[in-house]
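So you can see what is in the structure, the chains are spelled out below.
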Amino acid sequence: MAELIFLEPVFKEVIWGGDALHTRFGYAIPSDHTGECWAVSGHKNGDCRIRGGAWDGYTLGQLWKEHRELFGGQEGDQFPILIKLIDARQDLSIQVHPDDVYAKEHENGSLGKTECWYILDCEPGTEIVIGHNASTREELKQMIDEGRWKELLRTYPIRRGDFFQIEPGTIHAIKGGTLLIETQQSSDVTYRVYDYGRLQDGKPRQLHLRQSLDVITCPSPEQNLGRTVEETKEGCLEKLVECAYYGAEHLKLHGQMQRNTPALYEIAGVLDGKGTVNGTAVKKGDFFLIPHGYGDYELQGQMELMLVCPGRSAEDR
Ligand code: ZN
């Protein structure tokens, strides 16, 4: 019978990172500048190892190559979803990602990046940057050249539980004081537009202005933050997004709930609390794959979960 496949996280130290991945999730992080936990990744820059069970010692990337049956035979030369926890102690650079078409042509066949953020925690008064106020590409270029960032960038106040979908071409930044979970296409292509003039090892980090001006959508569409919530006495299930690349739900469970597995497979992360999945114990900080063929399952416990499945493009084959 199919079993849950638990993943070991990969950590990334960065200048803007903090220690919340330890204090909040209990992970053994490499330093108090740890900005990212790649909790579910088959990407070559941080391929998660499988912990325990029949696939112990494999990486997710290897399982994808050698045991595609676990993923319902989904196509593609790399595991398509990357899930990260991000602890931003300081501001991240202002950045933008290309779409699949641009990335394929300009980044050696890499995937583009659509991503989404669920805010797990933030300091009071924290904002997030999404989109810009230029009406034409010429105006955008001029405002960037003149460094009119305050006027150019759209910022929104955030609270725990907020959710944002970031389409390719959307200029964006996470500000210091934010802890969030990010679900994205498995891609590491980021164009940095502005880095607040900061220095790393005495030098500014590289900017990618030409590529950024190529890919930034003009004008920026308004953020549309509609979401549906199903509340029962067993819990509160929110459907956050369903796009071509992934679907994501957030569940707060109090007790017991039956779940139907999606057509291909599902990925779950325990954000808080503990419980069981068909009797297997899971707790805060655990991320696991519910493989194809696992069947419907029963969740039990007091816990908060992120549930992610492949997007629409995987199913209309
Ligand atoms: Zn991004």
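Residues numbered from 1 in each chain as written. Predicted model: local features only at pLDDT ≥ 70, side-chain atom pairs only at ≥ 80, totals over all residues. Heavy atoms only, no water.

Some details on the coordination of the zinc ion
And then number 1: At 2.1 to 2.2 Å from the zinc ion lie its protein donor atoms, namely His97 (NE2), Glu115 (OE) and His172 (NE2).
And then number 2: Ordering the donors of the zinc ion by residue number gives the pattern H-x17-E-x56-H. Here His97 is found in the loop between β6 (94–96) and α3 (100–106), whereas its partner Glu115 is found in strand β7 (residues 115–122), with 18 residues between them in sequence.
And then number 3: Since its relative accessible area comes to 2%, Glu115 is described here as buried. (Donors = N, O, S within 2.8 Å, 3.2 Å for Na, K, Ca; no water. Helix = DSSP H or I, 4+ residues; strand = E, 2+ residues; numbered from the N terminus. Buried < 20%, exposed > 50% of the residue type's maximum accessible area, 1.4 Å probe, protein only.)

Digging into the packing of aromatic side chains
And then number 1: Applying the stated criterion to the full structure yields 13 aromatic pairs.
And then number 2: Where Phe71 meets Phe79, the ring centres are 5.7 Å apart and the plane angle is 55°; that geometry is what we call tilted. Residue Phe71 shares its accessibility class with Phe79, and that shared class is buried.
And then number 3: Members of the aromatic cluster, connected to one another through ring pairs, are Trp64, Phe71, Phe79 and Tyr265.
And then number 4: Lys12 extends its terminal NZ or CZ atom over the ring of Trp38, reaching a point 4.4 Å from the ring centre.
And then number 5: Its end group placed over the ring of Phe25, Arg24 keeps NZ or CZ at 5.7 Å from the ring centre. (Phe/Tyr/Trp six-rings, centres within 6.5 Å; stacked < 30°, edge-to-face > 60°. Lys NZ or Arg CZ within 6 Å of the ring centre and 35° of its normal.)

Remarks on the pairing of strand β16 (residues 228–232)
And then number 1: Bridge count for β16 against strand β17 (residues 235–242) is 5 bridges, and the pairing is antiparallel. Looking at β17, one finds that Thr232 is bridged to Gly235.
And then number 2: Connecting β16 to the antiparallel partner β17 that follows it, the hairpin turn spans 2 residues. (Pairing = 2+ DSSP bridges.)

A word on helix α4 (residues 137–145)
And then number 1: Buried residues of α4: Leu140, Met143 and Ile144, and no others. Taken end-on, α4 shows its buried residues confined to a sector of 100°, consistent with a single buried face. With respect to the buried face of α4, the exposed residues turned more than 90 degrees away are Glu138 and Asp145.
And then number 2: Looking at the buried side of α4, the elements it contacts are β8 (127–132), α5 (149–152), β13 (191–194) and α6 (209–215). (Arc of directions from axis to C-beta. Contact = heavy atoms within 4.5 Å.)

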